Amino acid sequence: MQRMSVKLLLTPRSRRESMTEMTEYVLPQHANALGNVFGGQIMAWVDLCAAITAQRHAGHMAVTAFVDDLMFENPVKVGEVVHLRAQLTATFRTSMEIEVTVSGEDLSTRRRWPCVHAYLTFVCIDEDRKPIPVTPLLLESDEVRASQLLGEERRAHRLKRSRPPS
Ligand SMILES: CC(C)(COP(=O)(O)OP(=O)(O)OC[C@H]1O[C@@H](n2cnc3c(N)ncnc32)[C@H](O)[C@@H]1OP(=O)(O)O)[C@@H](O)C(=O)NCCC(=O)NCCS
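Now for a description of the structure that goes with this document. (Residues numbered from 1 in each chain as written. Predicted model: local features only at pLDDT ≥ 70, side-chain atom pairs only at ≥ 80, totals over all residues. Heavy atoms only, no water.)

A few words on the site of the ligand. Close to the ligand lie 18 residues, the nearest being Thr64, Arg93, Thr94, Ser95 and Arg155. The backbone of Arg93 places a nitrogen or oxygen atom 2.9 Å from an oxygen atom of the ligand. A distance of 2.6 Å is found between an oxygen atom of the ligand and a side-chain nitrogen or oxygen belonging to Thr94. Taken by itself the ligand offers 950 Å² of open surface, and the protein chains cover 62% of this. Mapped by element, the contributors of at least two residues to the shell around the ligand are β2 (62-67), β5 (111-124) and α3 (142-162). The class makeup of the residues in the shell around the ligand is eight nonpolar, five polar and five charged. (Near = heavy atom within 4 Å. Polar contact = N/O pair within 3.5 Å; in protein donor to acceptor, adjacent residues only side chain to side chain. Areas by Shrake-Rupley, 256 points an atom, 1.4 Å probe, with all protein chains shown as cover. Helix = DSSP H or I, 4+ residues; strand = E, 2+ residues; numbered from the N terminus. Nonpolar A, V, L, I, M, F, W, Y, C, P; charged D, E, K, R; others polar.)

Shown next as structure tokens:
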């Protein structure tokens, strides 16, 4: 039984199965003195949305290991809406890369604008918090294969940055 569930966890899975969307209404408690959402609040939503995708994909606990550069392109104000979309882009041995795109929406006009874009790395862990193999991404189309290759390039770059040679 135990062995069967491990085998199931390591069966490649389509990224459609773990895609996550979240919608947040911006309230005064989310905002700074200018009435814009705090950057830290957006980062918390980004992490949460990506964590749901990571754990949906892996069927297991996963922790945030790395967040690539975040750029806040445009603000979102109180009374507007924040949309988040997280999608798996690549898997490695015990880690996986997730892309999150964030946009704002003015409900009165339905206008939408880009707000933030980020890549996060999550590591699949066991009950002792030790890294364990992650469910591979199913390379089911040219688009997903290209996504996996680009993810491998970004991973090499971030490991070089975060673990400089001693
Ligand atoms: C993430 C963590 C589990 C990695 O543990 P570790 O002992 O360094 O494990 P390893 O060196 O075996 O690396 C495990 C994986 O993490 C990846 N990793 C580790 N540091 C990384 C970094 N800075 N950037 C990207 N990936 C990283 C490794 O590349 C490896 O991935 P791979 O197996 O797919 O190649 C550990 O550092 C940790 O628990 N960090 C705290 C996590 C946390 O508290 N997050 C916030 C709350 S969820």
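To continue, consider the sheet that holds strand β3 (residues 81-91). Strand order in the open sheet made by the five strands is β1-β3-β4-β5-β2, with antiparallel pairing throughout. This sheet does not close on itself; its edge strands, each paired only once, are β1 (20-25) and β2. Averaged over all neighbouring strand pairs, the angle between strand axes comes to 30°, with direction disregarded. The pairing of β2 with β5 spans five bridges and is classified as antiparallel. Looking at β5, one finds that Ala62 is bridged to Cys124. (Pairing = 2+ DSSP bridges. Axes fitted to C-alpha atoms, helices over the stretch in contact; angles between N-to-C directions.)

In this section: helix α2 (residues 39-58). Here α2 is 20 residues long and its end C-alpha atoms lie 28 Å apart, about the 28 Å a rise of 1.5 Å per residue gives. Residues of α2 that are buried include every one of Ile42, Trp45, Val46, Cys49, Ala50, Ala51, Thr53, Ala54, His57 and Ala58, and no others. Immediately downstream of α2, the backbone of Gly59 shows phi near 65°, a positive value. (Expected span 1.5 Å × (residues − 1). Buried < 20%, exposed > 50% of the residue type's maximum accessible area, 1.4 Å probe, protein only.)

To continue, consider the environment of Leu27. One can find Leu27 in the loop between β1 and α2. The spatial distance from the C-alpha of Leu27 to the C-alpha of Val37 is 8.5 Å, given a sequence separation of ten residues.

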